[in-house]
Amino acid sequence: MYSVELLIKEHKCILDFNRLIREICCRVIDGNDVDIKLMRECVDFGRSFADKHHHSKEEKVLFRIMLDELGSIADKIINGGMLIEHDLGRFHLSELEKAINRYDESHDRNAKLDVIMNASAYGSLLKRHIEKEDSVIFEYAKRSLNGNAKHKADVKTEEFEMNARKNGVPDKYLGWLYTKLKEFNLPAERKTLDF
């Protein structure tokens, strides 16, 4: 399924982003100041690429089709699990942004701690969430959806992605990510922006 393959490729990019977040937090623990501009860029990546771009494809396309086609099991794993975790990620990003703003105003050590805490909590959530989607949710979709539903998911995902590419979303955010990984001398799971 093109839709699942694309989501898994994006997961690799998001895991690369998670490595960046962890490195930033480790450097702060090692005594560096919080790089406010960089942390704001991380929040933007989380909101714009991981959530608005990636999670929207899951929520508006694949998950919606699974809910329509697969009944109560899909309802439990999507509404009772995946969507709750998407909301929890949004909460961590919101709390991270508040902590960045507090740190920007005061350079207070409690705000610094809140930056580290919310950034690392967001990263930890992403890692666990991706593992579940890749190994359980997406496998269930590939195994259980009929051919028409798979085709519909692929077509709608392709339309979503073409519109995003026309607006430059993947190039902008993945270009930023891989530039930062190189600056931090971090390995990347994805070696190319091509999908």
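Presented here is a report on the structure given in the accompanying data block. (Residues numbered from 1 in each chain as written. Predicted model: local features only at pLDDT ≥ 70, side-chain atom pairs only at ≥ 80, totals over all residues. Heavy atoms only, no water.)

1. Some details on the packing of helix α2 (residues 36-106) against helix α5 (residues 169-183)
For the pair α2 and α5, interaxial distance at closest approach is 11 Å and the crossing angle is 140°. By the angle class used here, α2 and α5 are oblique. α5 is crossed by α2, and the crossing has left-handed handedness. The residues of α5 that touch α2, namely those facing Leu38, Glu41, Cys42, Asp44, Phe45, Ser48, Phe49 and His53, are Val169, Pro170, Tyr173, Leu174, Trp176, Leu177 and Lys180. The residue inventory of the contact of α2 with α5, partitioned by class, reads ten nonpolar, two polar and three charged. (Axes fitted to C-alpha atoms, helices over the stretch in contact; angles between N-to-C directions. Helix = DSSP H or I, 4+ residues; strand = E, 2+ residues; numbered from the N terminus. Parallel < 35°, antiparallel > 145°, perpendicular 65-115°, else oblique. Left-handed = near helix turned anticlockwise from the far one by under 90°. Contact = heavy atoms within 4.5 Å. Nonpolar A, V, L, I, M, F, W, Y, C, P; charged D, E, K, R; others polar.)

2. Quick look at the pattern of salt bridges
Across all of its chains, the model carries 18 salt bridges by this definition. Arg90 is the partner of Asp51 in a salt bridge, and the nearest nitrogen-oxygen pair spans 2.8 Å. (Salt bridge = Lys/Arg side-chain N within 4 Å of Asp/Glu carboxyl O.)

3. Some points on the nonpolar core
Of all hydrophobic cores here, the largest spans 38 residues; its most connected members are Phe17, Leu20, Met39, Phe45, Val115, Trp176 and Leu177. Among the secondary structure elements, those contributing two or more residues to this core are α1 (2-29), α2, α3 (109-144) and α5. Of all the elements, α2 adds the most residues to this core, at 13 residues. Val4, Leu70, Phe138 and Leu145 belong to the second-largest nonpolar core, a separate cluster that totals 19 residues. (Core = buried A, V, L, I, M, F, W, Y, C linked by side-chain atoms within 4.5 Å. Buried < 20%, exposed > 50% of the residue type's maximum accessible area, 1.4 Å probe, protein only.)

4. Overview of a positive patch on the surface
Taken together, Lys52, Lys60, Arg64, Lys152 and Lys156 make up a surface patch of like positive charges. Taken together, the elements giving at least two residues each to the positive patch come down to α2 and α4 (147-166). Considering each element in turn, the positive patch owes the most residues, three residues, to α2. Locating Lys60 in the fold gives a position in helix α2. (Patch = residues over 30% accessible without salt bridge, like charges linked within 9 Å, V, L, I, M, F, W, Y side chains within 5 Å. Areas by Shrake-Rupley, 256 points an atom, 1.4 Å probe, with all protein chains shown as cover. Lys, Arg positive; Asp, Glu negative; His and termini not counted. Charge placed at Lys NZ, Arg CZ, Asp CG, Glu CD.)

That's the geometry; what it means functionally is another story.
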